[in-house]
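# A closer look at the structure
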Amino acid sequence: MRPQEIIAVKRDGGRLSDAYIEAFISGVTDGSWADYQTTALVMAMFTRGLDAGEQSAITRAMLYSGRVMDLSDIDAPKADKHSTGGVGDKTSLVIAPIAAACGVAVPMVSGRGLGHTGGTLDKLESIPGYNVRLSTARFKNVIRKCGFGLIGQTKEIAPADRKLYALRDATATVPYIPLIVASIMSKKLAEGLDALVLDVKTGSGAFIRKYQDSLELARELCSTGREFGVRTEALVTDMSQPLGKFVGNAHEVFECIQILRDEAEPSMRPTVELSLELTARMLTQCGIARSAAEARSMAGAALASGDALDRFARNIELQGGDPRVCDRPRMLLDPKLKPFVVEAKRSGYIASVDTFAVGRAVCDIGGGRVRAEDGIDHAVGFSSEIKIGDRIRAGEEIGLLYCRDLRQARSVSEKLRDAYKISDKETRRPKLIRASI
Ligand code: URA
């Protein structure tokens, strides 16, 4: 089947048969489709739409573009968490070691930065030496030894998503529910899991911003998980402002290590709370805890005892990184980047945050990609301790921008300042967890 024939069907608003979808995904995987043909079809899917049957066929084809991992020789329940993507959304690096310390095996296959959001793989690569490209055999060995492993899509595991993820990132075709479902579930179902917990973001920094649409995404993800026999639960969580204190790869890892060291600052509390809640859901879903209360207390104890930190240090070492970052997290921060203060224009209450603009600002100073093959600057970032509902005075600090170039800092800080809307009226603080599906 010629790619042109398949692209034309969707271009003209037609329905793609299972055979067409399988031909597309196998062409993406074996390289016989050129990138321009792939992105033409993805854009046609985005604009013309995919129905439920097409969504299911593309998820299946992407899953079976590779293998489903066999972790039967690891004697522990297998579970994972995946987020639909947000700004400052760093919980994976806290959740995986806590869950592992509680007895779960976590085979986490993650992605790189997508659109305005950061990606777990890019964050991990800010740890000197950390290797996210492990063979399946080595990945399994890491999980066996420390309870969790973190890699990207490989030639064996979700290879179609490896290609499509990077192309969607560079062609503005991320925010579409069927493509998000296929991308996430093809990776997660390839992990050979017993249970999966999804963190579906909603609000100005999410790909799917409207609450009702986020609920729909959560339902679609859960029903796909169940269709493939994996116990799946989703929380719809707030992304109307950045999560926690930092945005930017190395800074986010710094925040996670502070949390694992039980040294979280007050502005990092939302990251702690959400990480503990998502981990607790994993523990109940895979039967390690009998109740939500027991699960929360197990997760809290693994964090407070330092077990989770030890697991993280062990994981870093096993994946080729420098575990001393766990003793001295400041090692991650580049002292050459002098913070540039972003000041409030006027006094009042923080009414809303254009979180997309915050994510874009960090991408613009080098923290994200423009083209799929671009490198990134792991050290740049933004920190803010100001949250929606807080009172601020004109000239006070909204946050700090860590950037290499003073001229760029001035223009980007202007955008950041505009992203924080200030009003005279007192504003309600958003709830962190909006719904559970
Ligand atoms: N996370 C993914 O893995 N894929 C998407 O498309 C969006 C978020």
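Here the structure is a predicted model, which means the values were calculated and not measured.

## Let's talk about the site of the ligand
As a structural note, the neighbourhood of the ligand is formed by His82, Ser83, Thr84, Leu114, Tyr165, Arg168, Ile180, Ser183, Ile184 and Lys187. Between the ligand and serine 183, the relevant distance is 2.7 Å, taken from a nitrogen atom to a side-chain nitrogen or oxygen of the residue. Relative to its unbound accessible area of 240 Å², the ligand is 97% covered by the protein chains. Across the shell around the ligand, the residue classes tally to four nonpolar, four polar and two charged.

## Here we look at the pairing of strand E4 (residues 195-202)
With eight of eight residues buried, E4 is to be regarded as a mostly interior element. Because side chains alternate across E4, one face comprises the buried residues Ala195, Val197, Asp199 and Lys201, and the other comprises Leu196, Leu198, Val200 and Thr202, equally buried. Sheet topology note: the E4/strand E5 (residues 231-238) ladder contains eight bridges and is parallel. Looking at E5, one finds that valine 197 is bridged to glutamate 233. For the handedness criterion, the β-α-β arrangement of E4, helix H10 (residues 211-227) and E5 is classed as right-handed.

## Some details on the domain arrangement of the protein chain
Once the domains are mapped, the protein chain shows domain 1 (3-49), domain 2 (79-330) and domain 3 (335-423). Placing a centre on the C-alpha atoms of domain 2 and another on those of domain 3 gives a separation of 24 Å. Each side of the interface is counted separately: domain 2 has 29 residues, and domain 3 has 27 residues. Carbon and sulfur atoms make up 55% of the surface buried where domain 2 meets domain 3, a total of about 2,100 Å² over both sides.

## What about the sheet that holds strand E10 (residues 391-392)?
Spatially, the three strands line up as an open sheet ordered E10-E8-E12, and their pairing is antiparallel. Across the chains shown, the open sheet's two edge strands, defined by having one partner strand only, are E10 and strand E12 (420-423). Both strand E8 (residues 348-353) and E10 contribute to a ladder of two bridges, which runs antiparallel. From the neighbouring strand, glycine 348 faces E10, where its bridge partner is isoleucine 392. Packing against the sheet, helix H16 (residues 406-419) makes contact with E8 and E12, and its axis sits at approximately 45 degrees to E12.

## Details of the nonpolar core
Counting residues in each nonpolar core, the largest one holds 123 residues, and the members touching the most others are Ile98, Ile127 and Val358. Summarising the domain contributions, this core has at least three residues from each of domain 2 (79-330) and domain 3 (335-423). Discounting chain neighbours no more than four positions away, the residues touching isoleucine 98 are Leu260, Leu276, Thr279, Ala299, Ala302, Leu303 and Ala308. Judged by nonpolar contacts, the second largest core, of 23 residues, contains Leu16, Ile58, Ala61 and Tyr176.

Conventions we followed
Residues numbered from 1 in each chain as written. Predicted model: local features only at pLDDT ≥ 70, side-chain atom pairs only at ≥ 80, totals over all residues. Heavy atoms only, no water. Near = heavy atom within 4 Å. Polar contact = N/O pair within 3.5 Å; in protein donor to acceptor, adjacent residues only side chain to side chain. Areas by Shrake-Rupley, 256 points an atom, 1.4 Å probe, with all protein chains shown as cover. Nonpolar A, V, L, I, M, F, W, Y, C, P; charged D, E, K, R; others polar. Buried < 20%, exposed > 50% of the residue type's maximum accessible area, 1.4 Å probe, protein only. Helix = DSSP H or I, 4+ residues; strand = E, 2+ residues; numbered from the N terminus. Pairing = 2+ DSSP bridges. Right-handed = clockwise from strand over helix to strand, strands pointing away. Domains from an automatic or database assignment. Contact = heavy atoms within 4.5 Å. Buried area = accessible area lost by both parts, 1.4 Å probe. Axes fitted to C-alpha atoms, helices over the stretch in contact; angles between N-to-C directions. Core = buried A, V, L, I, M, F, W, Y, C linked by side-chain atoms within 4.5 Å.

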